[in-house]
Structure formats: C-alpha cells, structure tokens
Amino acid sequence: MDNLETNDLQHFLLARTPALAARYEFLTFREVAAGRAWLSGLIDKVGTASSVGAHSPDARWVTLAFTWNGLRALGLDDDSLATFPDEFKQGMAARAEILGITGANHPDHWLGNLASPQLHAIAILFARDVPERERCRTEHARYLDQIDGVDVLSSLDLEAIPPFTYPHEHFGYRDRLSHPLIEGVDPGAICGWEKPTKAGEFFIGYIDESGYIPVAPQPDILSRNGSYIAYLRMEEHVGVFRDFLRRNGNSIEEQELVAAKLMGRWRSGAPLTLCPDKDNPELAADSKRTNDFNYGKMDPYGYGCPVGSHMRRMNPRDTAESMERHKMIRRGGTYGPALPEGVPDDGIERGIAAFVGCASLVRQFEFAMAVWTNDPNFKGLGNERDPFVGTQDGTFDYTIPKRPIKKKIKGLPAFTTIRGGAYFFLPGIRALRYLASGPQTRTSLQNEGELQWHN
Amino acid sequence: MERRLAVVAQGLALARISLTNFKENNMAENIWEHPVAMAIPKEGYFKLEQGRYGPVYPQTPACYGFSVVGKVKPGREQAIRDYGKNIEDAVKGAPDVLAPLKLHYLRWVLFDVGSGLHFMYQGIFDTDFDKYLEDAIALFIETGITTVFTNLEGWPEDWKTNIPAVVKFFREHQFPSFLEYGEYPYVSADEIKKALKVKAALSNMLDQMQ
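Residues numbered from 1 in each chain as written. Chains lettered and ligands numbered in written order. Predicted model: local features only at pLDDT ≥ 70, side-chain atom pairs only at ≥ 80, totals over all residues.

Here's the deal with the packing of helix H8 (residues 238-248) of chain A against helix H9 (residues 252-263) of chain A
Residues and elements named next belong to chain A.
Consideration 1: Taken N-terminus to C-terminus, the directions of H8 and H9 make an angle of 120°; their axes are 8 Å apart at the nearest point. Considering the angle they form, H8 stands oblique to H9. With respect to the hand of their crossing, H8 and H9 are arranged in right-handed fashion. Facing H8, whose interface residues are Leu245, Arg246 and Asn248, H9 presents Gln255, Val258 and Ala259.
Consideration 2: Of the residues assigned to the contact of H8 with H9, the class counts are three nonpolar, two polar and one charged. (Axes fitted to C-alpha atoms, helices over the stretch in contact; angles between N-to-C directions. Helix = DSSP H or I, 4+ residues; strand = E, 2+ residues; numbered from the N terminus. Parallel < 35°, antiparallel > 145°, perpendicular 65-115°, else oblique. Left-handed = near helix turned anticlockwise from the far one by under 90°. Contact = placed C-beta atoms within 7 Å. Nonpolar A, V, L, I, M, F, W, Y, C, P; charged D, E, K, R; others polar.)

As structure tokens, then:
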C-alpha cells in the first residue's frame, strides 16, 4: 500500500474546509508570463491534504485546476501536452453528445463561457461565510489587476442554504452522505460492507484497482498527485419538482415517498433499502448505518430502492460489474437563494455546482454519465434516464417496483438543466510549481523530483 | 375445487402480467414473434453516433456483438488452442464467470486462408460494445482471457497499465457485420431465461393441480 503524499496533494478531494461559502472564478490567461506569475503568487495559499483542517478554521484556502487549453496557455510544451488523455484534450463541451448532454442541456445553452476554448483555469476561493467570501473576491480582483494578463471569464458564488444543521440542496435532499473509503487515508465514515478503494482510482501515480500504476501524463513531476475533476453547473427547477410531488402524492407522506423513490433515499438521507416504508432521520445521520447496505442481496428487485433511482444508478454497489473501478469523489455546493416551501418559483437561477474527482475521466466520470445516467436501457429499464442528472425531455419514464404490479410514471419532467461543465486537471503542489516556472527551472525541478522518488 | 380454480386463475393472471412486462421490455409489441434480417452499411452503423471510444454500433435482431480478428504471432497457435480448455474448465467451476459479458454465444476460430494464421473472437451479447468495454476488459484480465490476445500481433506491450491502448486494439481489430439475422429478434438472454423459468413454473403448477 502506497502512502499518500498528503503535503503534495491538493486538499480538494481529500478534506473539507470548514466553509459555508465559496466563489468559483473561471479564468483565462492572455499571456503565458502573466499566467505563470498569477500562479506563482497563489501557490502558498493552495490547501493541501495535510494543511487543511489542521490549522485554525480562519485560514483561507484556494484550490486551483486547469483545462488542457489552460496548460498550453501556461506554456507547457507540445510533447507533454500530447501525453494527456484524449477526452481531457477535447474537453467536456466537445464530448457533450457522447455523454448524453443534449437538448436543453447542450453546451449551446451553457452560461459563463464554460464551453469556450479560452477557459483555462478555475480558482476556488473557500470562505467561512458570505462576508468573508466577498473579502476574498475583492482581494483576488485586486491581485488580478496587479498581474494584468489574467482575466475572469465568469464566476459563480456559492453558499449553503438554510437550515444549516446539515448540508442539503435545493430540492431538500440531504447530501454528502457517501464518500469512497480510500486505502491509506483515515476515513471519517465507515461503510459496513464496502472495502477501501486503492488511491490510484483517484490520484495519479498510485496503484489503482487493476493492481498497477497506470500510464500517466509526462513528465512525472507534472502528473503525480494530480487528479481530474469534471465540473457540472446544474440548475434545479424547484417549482417543477414540488409540483411533481404534489401531482403524484395525495398526502405529505405520499409525496415524501415519491421524492424518496426518485432519489433512493428519503430527503432526510435515510436509504430506502433499509427504510422502505417509513423515514428514519436518525439512521440517516448515523454514518455507521447510512451506507451499510447492498442491493443484490438485500433489495434485488428494487422494491425498496428503485433500480433506476439516482442513488442506485450512481453507485449500483454489488449489482455492478467491477464496481471498484467506478468509484468517484464528489465535491461542490449550492448556489442561488433558497426558495421557501409554499412560495411559487421566482425564476431566479438556483442549483448545485458539482465536481466529480477521479484518475480517469473516460473510464470513471464519462462512463457514469454516458451509461449509468443517460443510457435509456440501463439495467434493461427500456426508456428511463436518471431522474435528476439525466437529460430529461418529458419522453422518458420512471418505474417504481411494487408488488404485484410496478408503478410506471410516464413522461418524467426535467427537474434540472445543465448550465455548464468542464474538465479540469487538479495538479499536486510540486506540479503547480513546475507549471509556474520557465523551461530551465522546469528541467531542474524535474531532475530534483526524479532523485526524490528513486531514493 | 373453487380454491384450485382460484389458484389457477391467479397463476394465469401473473403469467399475463409477466408477458406484458416482457412485451414492454422488448420495445414493440410482439417484435420477437417473427424472425428479422437486417442489412448493415459498410461502416457498421446507419447513423453516426459517437461513443466514448468511437462510433456506436446499433442493436440488431441479433442483439449486439463483435468479431475481433487478429494475426497470430509465429509459433503461438497451440497456446491459443489450449485456452479453449481453460475457458471450459473456468465455466464448469464457476458457471457465472462470464455473466458480466451478457453473452448469448461465443465462437473462437483459428484460420489460415493464405495470409498466415489468424484468430477470430466472435461474440453475440446484450451489452453495447462501446458502453461496457472497460468492464469486459477487466473481466478478460481477471479470467486470463487476455492471455489469448497477447499472442496476437499489435497487442499493446503495456496492456497491464494502459487500458486506453487495449480499448484501441479491440476497436481497431473489430469488423462489423453487414448482415444479421435473429430468429427471436432483439430478445436478451435474461428475457429468454425468464420466459423458460415462467414456462417451467406454470408446468409445475399444472402438475400440482392433478
């Protein structure tokens, strides 16, 4: 088992900052020198897996990641650029149709210039609260003015929505209940039946579930301790969702059950497989129990958790082939103001900004998106897509297995719309220094790095 | 007597539900009832639809499938032939070992028609070639089937650490059919097995009524 270099890995996929607010700044580098200068000045603020959490909660951390175009805009040489995977080179917008991101979700309708080849980097500014986020924004804007040559293409403000007792999104579902156990990392939650996943499934340069260290972009110093993160900005149509629940349930209990059947968990977070008829918020909050179940043995026909529900699609557990090769780490949060219960939809954009972290975009993220999410014939369902993340256009169904006859909802409405997406490479700290330096420094950094690993 | 009739009626009702589900799952009403032949364009598809690794090949009356053809490295014929016995033993020992591939049939052929010894792996299955290729490769590696491919020219040396190169090998050595025929078109192996189980259960139930 490899020991993870926690002082070189960015914190983003490994540790959560105590932040209730954040700002995503999507950047473009007009000149190579400016891009490198901007990066140099920020490296010390980048949170690592070992530094985040250990310090006082007042410390501010930044996460930096780059598109393939961004790596080129930082002056990375062609030979090195060529060693990155095809799907990362093409970018998410170019692969939207492959992923099933079509119709209203298509990049033609995206916001924030995310489909533009000028999108080079994302800077995530984490903050304890909204006032602090505003201070971060001003500071970064001042910094960019100084640098002159790096521009903000667009940005997104994130903040948690009330009630603040547990993280949840605009539809009211509790979130952040599932996180893969990573070998070599101390897990916060314990999953009953699941065994830890090899670090190489998420971080480059480590053994993955194939038993080997897969080929990686070159040079090693650039890719080691890096990850890929797929970004999605997903608007949530709260009014449409609440109307749907009211149309499909005569009482509050019935409506909550419908909501649960779509997700696979009650909105409290309690999993349907363990709580098929009644909600159990206490179980939901218990990290030892909330993930302690499987489908193949405990719920094969989906009488508890429907086969096509979001949770079961994104993690089919023991009913998937090579499940250990399909794990991903999710991050992100809510944007936009909360819509109080009973208030009609005001048309203001609200939703979630999500990141999916893995070591191979095509094998992990793209597979989940193209197959588990958007293949209408997933598990032989025939005409169904994921009810929340799938591209819904009113022509797909949703089956709720029931004895003796299943319930089939025809023409599921679109509860969400994808407003943007991108593929980023999340480098290690050494890699960030490598990217920030000129060619001569890069060669000596490379040689230093090689000495380090071979000793 | 009344109770027996009630049980028979319930059995028939359930059979009807099962048949309805079966029909629903097989796209169009009764599509499986008559054989269908389908001529396929040279590219292997009617309309170009991009998958993660290349064009998607459509489902046909013979479900999904592929024919992977490769030239055998000199002296490796016996190594490939021997693998037939390996697979036989593996399936005997664990009948579900190839279940993830959702196979109907497999045919492995060695042939020389004048340009050297070649190997063909032909499979008919229920999963989309592009969608589930990595899972298939993982299974090949697990069962050792990849050992057969290491005896073919062009197989990537770094196959253990370079899955994209392995995917590329399969796609480049794959040849689409231009005609496919299905006696019971589009029906998956799972549906066939379900139908046979229902038949056996009904038959058993009728016996109980004697």
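A short note on the interface of chain A and chain B
Consideration 1: Counting residues at the interface gives 20 residues for chain A and 19 residues for chain B.
Consideration 2: Elements that contribute at least two residues to the side of chain A that touches chain B include exactly helix H5 (96-99) and helix H12 (361-373) of chain A.
Consideration 3: Broken down by element, the side of chain A that touches chain B gets its largest block of residues, six residues, from H12 of chain A.
Consideration 4: When the residues that make up the side of chain A that touches chain B are grouped by side-chain class, the tally is 11 nonpolar, three polar and six charged.

Describing the nonpolar core
Residue and element names in this part refer to chain A.
Consideration 1: Among the nonpolar cores identified, the biggest contains 95 residues, and Ala22, Ala65, Tyr228, Ile229, Ala230 and Phe424 are the most heavily contacted of them.
Consideration 2: Residue assignment places this core across two domains, with domain 1 (11-178 + 215-232 + 423-454) and domain 2 (234-323 + 337-344 + 372-420) each supplying three or more.
Consideration 3: Contacts of Phe424, omitting those with residues within four sequence positions, involve Ala65, Phe66, Thr67, Ile122, Ile229 and Tyr231.
Consideration 4: Of all hydrophobic cores here, the second largest spans 23 residues; its members include Leu257, Leu262, Met311 and Phe388. (Core = buried A, V, L, I, M, F, W, Y, C linked by C-beta atoms within 7 Å. Buried ≥ 20, exposed ≤ 12 C-beta atoms within 10 Å, placed from the backbone. Domains from an automatic or database assignment.)

Things to note about the confidence of the model for chain B
Close reading of the predicted structure is inappropriate where its pLDDT is low.
Consideration 1: Residues of chain B with pLDDT of at least 70 account for 87%, and the chain-wide mean is 88.
Consideration 2: Scored as a complex, the prediction yields pTM 0.91 and ipTM 0.86. (pLDDT = per-residue confidence, 0-100.)

Things to note about the sheet that holds strand E4 (residues 118-125) of chain B
Residue and element names in this part refer to chain B.
Consideration 1: Here three strands make up an open sheet; going across it, the order is E2-E4-E3 and the pairing antiparallel. Each end of this open sheet is capped by a strand with a single partner; those strands are strand E2 (64-71) and strand E3 (103-111). The average angle at which neighbouring strand axes cross in this sheet is 10°, direction not considered.
Consideration 2: By the bridge criterion, eight bridges tie E2 to E4 in an arrangement that is antiparallel. Of the residues in E4, the one forming a bridge with Gly65 is Ile124. (Pairing = 2+ DSSP bridges.)

As for H8 of chain A
In an α-helix, one turn spans 3.6 residues; hence positions three or four apart end up facing the same way.
Consideration 1: Within H8 of chain A the residues assigned to the buried category are Val238, Phe241, Arg242 and Phe244 of chain A. Down the axis of H8 of chain A, the sector holding all buried residues measures 155°, keeping them to one side. (Arc of directions from axis to C-beta.)

As for the domain arrangement of chain B
All names here are of chain B.
Consideration 1: In terms of domains, chain B is made up of domain 1 (1-32 + 188-210) and domain 2 (36-186).
Consideration 2: With six residues of domain 1 in contact, the opposing surface of domain 2 contributes seven residues.
Consideration 3: Taken together, the residues of the side of domain 1 that touches domain 2 sort by class into four nonpolar, two polar and no charged.

Concerning the pairing of strand E6 (residues 329-335) of chain A
All names here are of chain A.
Consideration 1: Extensive coverage of E6 is indicated by the burial of five of its seven residues.
Consideration 2: Two strands pair when backbone bridges link them, and E6 and strand E7 (residues 351-358) are joined in this way by seven bridges, in the antiparallel orientation. Each residue of the ladder has a partner; that of Gly332, found in E7, is Ala354.

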